[in-house]
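Chains, contacts and geometry: an overview
The lines below spell out each chain.
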Amino acid sequence: MASARGKVRIIGGQWRSRLLAFPENPDLRPTADRIRETLFNWLGQDLSGMRCLDLFAGSGALGFEAASRGAALVAMVDEDAAIYRMLRENKEKLQAAQVELIMMNAINFLKSDTRKFDVVFLDPPYRLELLPELLTVLPSHLATGGLVYAETKGHWAPDAQWYVRRQAKAGTVHYQLLELTQHG
């Protein structure tokens, strides 16, 4: 139901029902439609003016969904060249001027980029188990009141600096909306 092989559908906003193609890659697991539906219900359907970071862009499902719903900027980061090329094709097809594509390792991006974002999408390849490391460097990239969406295989709990605002699961996929417990 999520998508045809190698395709994912945008479920809301100005590009609703548009299909995005993505390359075959064992680490690519586009976030399922029903999970995205829940996530964007949590965030509010209208992201007008928000600045979003899709740190492991992959298929682009989360980032293009945010752009479709009015985000002012969506920075999409992925280090895989084939994935980057497909993201660029999808950006051009949608004429998504608010999408900025960055071909770079996610950790290196966080170390080199100083911008702050209202929403950060974190859906790294499960096998890498990067969430604990990423969540230690993310606070400096969050705008006041910023939120982090984290998706994992199996149950996972963030450390004490993060408050779990919402959480749910679909099959083995656990997903959470996090915010900092305090802004420093």
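Note: the structure precedes this text.
A few points on the structure.

Conventions used here
- Residues numbered from 1 in each chain as written.
- Predicted model: local features only at pLDDT ≥ 70, side-chain atom pairs only at ≥ 80, totals over all residues.
- Heavy atoms only, no water.
- Buried < 20%, exposed > 50% of the residue type's maximum accessible area, 1.4 Å probe, protein only.
- Helix = DSSP H or I, 4+ residues; strand = E, 2+ residues; numbered from the N terminus.
- Right-handed = clockwise from strand over helix to strand, strands pointing away.
- Pairing = 2+ DSSP bridges.
- Core = buried A, V, L, I, M, F, W, Y, C linked by side-chain atoms within 4.5 Å.
- Contact = heavy atoms within 4.5 Å.
- Axes fitted to C-alpha atoms, helices over the stretch in contact; angles between N-to-C directions.
- Salt bridge = Lys/Arg side-chain N within 4 Å of Asp/Glu carboxyl O.

Extensive coverage of strand S7 (residues 142-153) is indicated by the burial of 9 of its 12 residues. In the classification by handedness, the crossover that spans strand S6 (residues 117-122), the intervening helix H5 (residues 131-137) and the parallel S7 is right-handed. Bridge count between S7 and strand S9 (residues 173-180): 6 bridges; the pairing is antiparallel. By the bridge assignment, Glu151 is partnered in S9 with Tyr175.

Let us now look at the nonpolar core. Ranked by internal contacts, the top residues of the largest apolar core, which has 37 residues, are Leu39, Leu43, Phe64 and Phe121. Put simply, the parts of the chain that give this core at least two residues each are helix H1 (33-43), helix H2 (61-68), strand S4 (73-77), helix H3 (81-94), strand S5 (99-102), S6, S7 and S9. Those residues in contact with Leu39 that sit more than four places away from it in its chain are Leu62, Phe121, Tyr149 and Leu177. In terms of nonpolar packing, the next biggest core, distinct from the first, is built from 26 residues, Phe56, Ala75, Val148 and Leu180 among them.

Read from one edge of the open sheet, 7 strands run S5-S4-S3-S6-S7-S9-S8, paired in mixed fashion. Edge positions in the sheet fall to S5 and strand S8 (162-170), since each of these pairs with one other strand and no more. Shown here is a sheet whose adjacent strand axes are inclined to one another by a mean of 15°, direction ignored. Relative to S7, S6 runs parallel, the two sharing 5 bridges. Paired with Val120 across the two strands is Val148, which belongs to S7. This element, H1, spans S6, S7, S8 and S9 of the sheet and lies at about 20° to S9. Against the sheet, H3 engages S4 and S5, with an angle of about 165° to S5.

In a structure, side chains of opposite charge can pair up when their charged atoms sit close to one another. Tallied over the entire structure, the rule returns 7 salt bridges. The partner of Arg36 in a salt bridge is Glu65, with the nearest N and O atoms 2.7 Å apart. Remark: Glu65 occurs in helix H2 and Arg36 occurs in helix H1; sequence separation between them is 29 residues. A relative accessible area of 1% places Arg36 in the buried class. A relative accessible area of 0% places Glu65 in the buried class. A salt bridge links Glu179 to Arg165; the shortest N-O distance between them is 3.3 Å. Of this pair, Glu179 sits in strand S9 while Arg165 sits in strand S8, and the two are 14 residues apart along the sequence. With relative accessibility at 38%, the residue Arg165 sits in the partly exposed group. Each of Arg9, Asp33, Arg36, Glu65 and Arg69 takes part in salt bridges that share partners, so that together they form one network.

That is the geometry; function is a separate question.
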